[in-house]
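What the coordinates show
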Amino acid sequence: MSDDGQLELIELKRRFGDTVALDGLSFTVPRGEVFGFLGPNGAGKTTAMRAIVGVQALDSGAVRWNCAPIDQDARRRIGYMPEERGLYPSMRVVEQLEYLARLHGLTQQRALSAARYWSDRLGLAGRSQQKIEALSLGNQQRVQLAAALVHEPELLVLDEPFSGLDPVGVDAMSEVLTERAAAGVTMLFSSHQLDLVEHLCTSVAIIHRGALVAHGTVEDLAHGGQLRIAVRVAGDDKARWLSGLSPGPGELPAGATVEGIAGGTATISLARREDAQTILDLARKAGPVEQFGFVRRRLSEVFRDAVGRDSGPPPERQAPARAESEPATEATR
Amino acid sequence: MSANWWTLTWLVARREITDRARAKSFWIASILLLVAVAAGAVIPALLAGKHSVARIGIVGRPAVAMAQAAREAGQISGTAVTVTELPSVAAARAELRAGKLQAALIGDTEVLVNKQSFSGSSIGTTLAQIGGLQKLYGQLPPAAAAAVAAHGIALPVYSLSPPTKNLATRITGLTAAILIYVIILTYGIRITIGVGEEKATRVVEVLLTTLRPVQLLAGKVIGMGLMALCQIAAMVAVYLALGHAVGSPEVRSAATSIVLAAGLWIVLGYGFYCTAYAAAGSLITRQADAYNAALPLQIPLILTYVLVYTVIYSTTVNPFFHVLAFIPFTAPVAMPVLVALGAAPAWQVALSAGITVVSTVWMARLAGTIYGRAILRTGSRLKVRQVLRTAV
């Protein structure tokens, strides 16, 4: 894929007093993919996303989109959904969407038409004339997504778009995000719902304490890290075929460790990929092999491996609630 | 600034107007203000006298000289008069009884009134004196009589000190001061609440992805300003229409300068204060803090408003109040009062307006800086010094 539409975060740094919010964060978001942005609370996700849309100044570093810095014109082609929802409580749904669409450059007619389309599309058709404050939190969330989409943006930056949604809402939002990515939109969204991210995203970036700790496609990350295989020999519910095996020639390969046995299936970690064949040979000697394959890591495992057990925010940032957005910030303009 | 810059700013202003026009509180406040203005137009007229325009009947000849005598009597007694020729004394008596006439001059013989006044200064008494003098001068040689007819009987009066304003004019000035005070405070606090709402609900974060802070600020104060102008226009229209309808001499003549001064100072005052109120709103993180944040801006206006009552009925204006009329924070309320009291010549009004305009530019820059730096800052409520110390 060409670099067109690609979003680049280059060495982003930002401190709030003694707190380091971004510590040289760099990664690239390709166009046309649903890209997940993960990290524990206080990792710097919101600060990075605010920097992308230009409402957060940086100490250093650059954000580039389409191989160029993001200027005022470019910002009008960005759809942004902030972590803390930003809507006028007393405005009606369609009016709010039309207003935001017009601010992004749509004509009155197109803005109204787009506002109606996205209200309908996100299941708000019957509520389009209601005030935002009269809607449930879930429906306000839908309006917020509609607000990010109403001007047909080419870049979507969505901070926790799924929080507070019911399963139907999650499905509707997932469908829309997948569709927009397929339409060529560059998309970055943050979430703590790792199973959902694994299901939805092509690629992810995981950050911790303001720095990148893992980055790549979900597939690569799932198969990366410690190699593991799962083996099950027919009729051996306790995996007794492993008893008495110890590292050495004709035995377990060096570095191979039995991590666990469940229902006759043994999970064995390996030092080298080719050791899997040796394990298979040992299992076949014990009987017919019913199950054999590399174990795919869940994204939650990848996440925990990347950020470690100490996945909380830095000590200075634990004191105030909502530490990620609490420190003093200011507009870049 | 490009056309697009103004297009976006106008969109913000339009939203403010629509939002405000939908609020019930806006319409309730508008009606109350209109009632206050109506009272300001009608009460001075009533205080000036029920018959502020006196109808004088004349019976007999020469009609021209008699009409001149009636008008002179009006001038001397401070009453506007209209003169009506009547066919007979009986007709004059009938109209007097019906209350349609205030007095009737019957040839060079007598003046008829419905009820004798003992004050000695009524239109009837004055008409009698002028009529008597005219009769006396009628016995002069023709040349001298012609000169009297040409120049009138009464001698001109020149005062050594400026005339003091009457009660009705003072009340008009007080009404203007109240309205300016109410308009600036009402719209100012509304701006603070609006900015605070945008910040507290984080909608500003969405808006500032496509707008510059100065556009959001400008759109808000322009929108609110236009609403204020509409309200002012409605009030002025009601004031003038009602004033003319009840025959208020203040509305017809003297009060025009007060109305103009009030209009000028509402615009100048709003211009000076509006950005400051927006900056105050940008410092808060909860809407509930809006009134506290705006309080420092309200104190100078409240102080001046209270002091208005100490000068509005006095014969002299104290120097402190006079100084307030040249300080931009207090001038919008103080200067129209000085105009109403006749205590501020035109050059002082112009000087004060100039100071306010220059200060408005200074205030807009300062407020714009505070707003731009504070509007996206979350956490606890900010202090002005804290914001100004922060480098962009």
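Residues numbered from 1 in each chain as written. Chains lettered and ligands numbered in written order. Predicted model: local features only at pLDDT ≥ 70, side-chain atom pairs only at ≥ 80, totals over all residues.

Re the overall build of chain A
Along its length, chain A carries 10 helices and 14 strands. Taking the contacts inside chain A whose residues are at least 6 apart along the sequence as the reference set, 72% of them involve residues at least 24 apart. (Helix = DSSP H or I, 4+ residues; strand = E, 2+ residues; numbered from the N terminus. Contact = placed C-beta atoms within 7 Å.)

Let's talk about the overall build of chain B
What chain B contains, in helices and strands, is 16 helices and 4 strands. Out of the 392 residues belonging to chain B, those deemed buried represent 43%. Sequence separation of at least 24 residues holds for 76% of the intrachain contacts in chain B that already meet a minimum separation of 6. (Buried ≥ 20, exposed ≤ 12 C-beta atoms within 10 Å, placed from the backbone.)

Observations concerning the interface of chain B and chain A
With 24 residues of chain B at the contact, the number on the chain A side is 29 residues. Elements represented by at least two residues in the side of chain B that touches chain A include exactly α1 (3–21), α8 (203–207) and α15 (346–374) of chain B. Split into classes, the residues belonging to the side of chain B that touches chain A amount to 10 nonpolar, 7 polar and 7 charged. (Nonpolar A, V, L, I, M, F, W, Y, C, P; charged D, E, K, R; others polar.)

Details of the sheet that holds strand β7 (residues 155–159) of chain A
Each strand in a sheet pairs with its neighbour through backbone hydrogen bonds, running either in the same direction (parallel) or in the opposite one (antiparallel). Residue and element names in this part refer to chain A. Spatially, the 6 strands line up as an open sheet ordered β6-β7-β8-β3-β9-β10, and their pairing is mixed. Edge positions in the sheet fall to β6 (78–81) and β10 (211–217), since each of these pairs with one other strand and no more. Adjacent strand axes in the sheet meet at a mean angle of 15 degrees when their direction is disregarded. Of the strand pairs in this sheet, β6 and β7 are connected by 4 bridges, and their pairing is parallel. (Pairing = 2+ DSSP bridges. Axes fitted to C-alpha atoms, helices over the stretch in contact; angles between N-to-C directions.)

Observations concerning the sheet that holds strand β1 (residues 53–59) of chain B
Residue and element names in this part refer to chain B. Pairing within the open sheet is mixed, and its 4 strands lie in the order β2-β1-β3-β4. Strands with a single pairing partner mark the edges of an open sheet, and in this sheet they are β2 (80–85) and β4 (110–112). When strand polarity is set aside, the average angle formed by the axes of neighbouring strands in this sheet is 25 degrees. Across 6 bridges, β1 lies against β2 in parallel orientation. Considered in β2, the bridge of Ile 56 is made with Val 83. Of the strands in this sheet, β1, β2 and β3 (103–106) are in contact with helix α3 (residues 63–77), which crosses β2 at around 160 degrees. Helix α5 (residues 123–138) contacts β1, β3 and β4 of the sheet and is inclined by roughly 15 degrees relative to β3.

Quick look at the domain arrangement of chain B
With domains assigned, chain B is organised as domain 1 (7–47 + 166–389) and domain 2 (53–151). Inter-centroid distance (C-alpha atoms) of domain 1 of chain B to domain 2 of chain B is 50 Å. (Domains from an automatic or database assignment.)

So, the confidence of the model for chain B
Residues and elements named next belong to chain B. On average, residues of chain B carry a pLDDT of 84, and 88% of them reach 70 or more. Per-element averaging of pLDDT across chain B places helix α10 (residues 249–252) at the bottom with 64 and α15 at the top with 94. As scored by the predictor, the complex reaches a pTM of 0.75 and an ipTM of 0.79. (pLDDT = per-residue confidence, 0-100.)

Some thoughts on the domain arrangement of chain A
Note: interface size is frequently given as the accessible area lost on complex formation between the parts. Here the domain parsing of chain A yields domain 1 (7–77 + 154–221 + 301–317) and domain 2 (226–294). Relative placement of domain 1 of chain A and domain 2 of chain A: their C-alpha centres are 39 Å apart.

Side note on the packing of helix α9 (residues 213–245) of chain B against α15 of chain B
All names here are of chain B. With their axes 9 Å apart at the nearest point, α9 and α15 run at an angle of 120 degrees to one another. Compared by their axis directions, α9 and α15 come out oblique. α15 is crossed by α9, and the crossing has right-handed handedness. Seen from α9, the contacting residues are Pro 213, Val 214 and Leu 217; seen from α15, they are Gly 368, Tyr 371 and Gly 372. (Parallel < 35°, antiparallel > 145°, perpendicular 65-115°, else oblique. Left-handed = near helix turned anticlockwise from the far one by under 90°.)

Focus: the nonpolar core
With 162 residues, the main nonpolar core has Leu 97, Val 150 and Val 157 of chain A together with Ile 180, Ala 278 and Met 335 of chain B as its most contacted residues. Element by element, the count of residues in this core is highest for helix α11 (residues 255–282) of chain B, at 16 residues. Beyond its immediate sequence surroundings of up to four residues, Val 150 of chain A is in contact with Leu 97, Leu 100, Ala 101, Ala 114, Ala 115 and Trp 118 of chain A. Formed by 18 residues, the second largest nonpolar core is a distinct cluster that contains Ala 54, Ala 70, Ala 73 and Ala 103 of chain B. (Core = buried A, V, L, I, M, F, W, Y, C linked by C-beta atoms within 7 Å.)

A few points about the packing of helix α14 (residues 331–341) of chain B against α15 of chain B
Residue and element names in this part refer to chain B. Relative to each other, α14 and α15 sit at 170 degrees, their axes nearing to 11 Å. As far as their axial angle goes, α15 and α14 are roughly antiparallel. Residues Ala 331, Met 335 and Val 339 of α14 lie in contact with α15, whose contacting residues are Val 349, Ser 352 and Thr 356. For the contact of α14 with α15, a count of residues per class yields 4 nonpolar, 2 polar and no charged.

Some remarks on unusual backbone geometry
All names here are of chain A. Backbone geometry at Asn 66 places phi at a positive 55 degrees, although glycine is not the residue there. The residue Asn 66 is located in the loop between β4 (60–65) and β5 (68–69) in this model. In this model, Ala 239 sits at a positive phi of 55 degrees, which is unusual for a non-glycine residue. Here Ala 239 shows up in the loop between β11 (227–233) and β12 (257–262).

Looking at the pairing of strand β1 (residues 7–16) of chain A
Residue and element names in this part refer to chain A. With 5 bridges joining them, β1 and β4 adopt antiparallel strand pairing. If you follow Ile 10 over to β4, its bridge partner there is Ala 62. Pairing between β1 and strand β2 (residues 19–29): 8 bridges, direction antiparallel. Looking at β2, one finds that Arg 15 is bridged to Val 20. Between β1 and β2, which pair antiparallel in sequence order, lie 2 residues; one of them, Gly 17, sits at a positive phi of approximately 65 degrees.

What about the pairing of β11 of chain A?
Residue and element names in this part refer to chain A. In this structure, β11 lies alongside strand β13 (residues 265–270), joined through 6 bridges in antiparallel fashion. Among the inter-strand pairings, Val 231 is bridged to a residue of β13, identified as Ala 266. Here 5 bridges tie β11 to strand β14 (residues 289–294), and the two strands are oriented antiparallel to one another. If you follow Val 231 over to β14, its bridge partner there is Phe 292.

Quick notes on the environment of Leu 341 of chain B
For Leu 341 of chain B, the location among the structural elements is in helix α14. With 206 residues separating them along the chain, Leu 341 of chain B and Lys 135 of chain B place their C-alpha atoms 41 Å apart.

Thoughts on the confidence of the model for chain A
In this model, chain A carries an average pLDDT of 86, and 90% of its residues clear a pLDDT of 70 or more. Ignoring residues within four places in sequence, the model shows residues 314–333 of chain A, a span with pLDDT below 50, making 54 contacts including any to other chains.

As for helix α5 (residues 137–149) of chain A
For α5 of chain A, built from 13 residues, the straight-helix expectation of 18 Å at 1.5 Å per residue is met to within 8% by its first-to-last C-alpha distance of 19 Å. Turning to α5 of chain A, its buried residues number three or more, namely Gln 141, Arg 142, Val 143, Gln 144, Leu 145, Ala 146, Ala 147, Ala 148 and Leu 149 of chain A. Residues of α5 of chain A that are buried in the fold lie against β6, α3 (93–103), α4 (108–121), β7 and α6 (167–182) of chain A together with α8 of chain B. (Expected span 1.5 Å × (residues − 1).)

Some details on the environment of Pro 82 of chain A
Along the chain, Pro 82 of chain A turns up in the loop between β6 and α3. Considered as a pair, Pro 82 of chain A and Arg 64 of chain A are 18 residues apart in the sequence and their alpha carbons are 20 Å apart. Ignoring sequence-local partners within four residues, the contact set of Pro 82 of chain A consists of Asp 159 of chain A together with Arg 202, Glu 205 and Val 206 of chain B.

Some remarks on the environment of Leu 242 of chain B
All names here are of chain B. Tracing the backbone shows Leu 242 in helix α9. By the C-beta count within 10 Å, which is 19 here, Leu 242 ends up partly exposed. Remark: the alpha-carbon pair of Leu 242 and Val 37, spanning 205 residues in sequence, is separated by 9.4 Å. With near-sequence residues (within four places) excluded, Leu 242 lies in contact with Ala 38, Ala 41 and Val 42.

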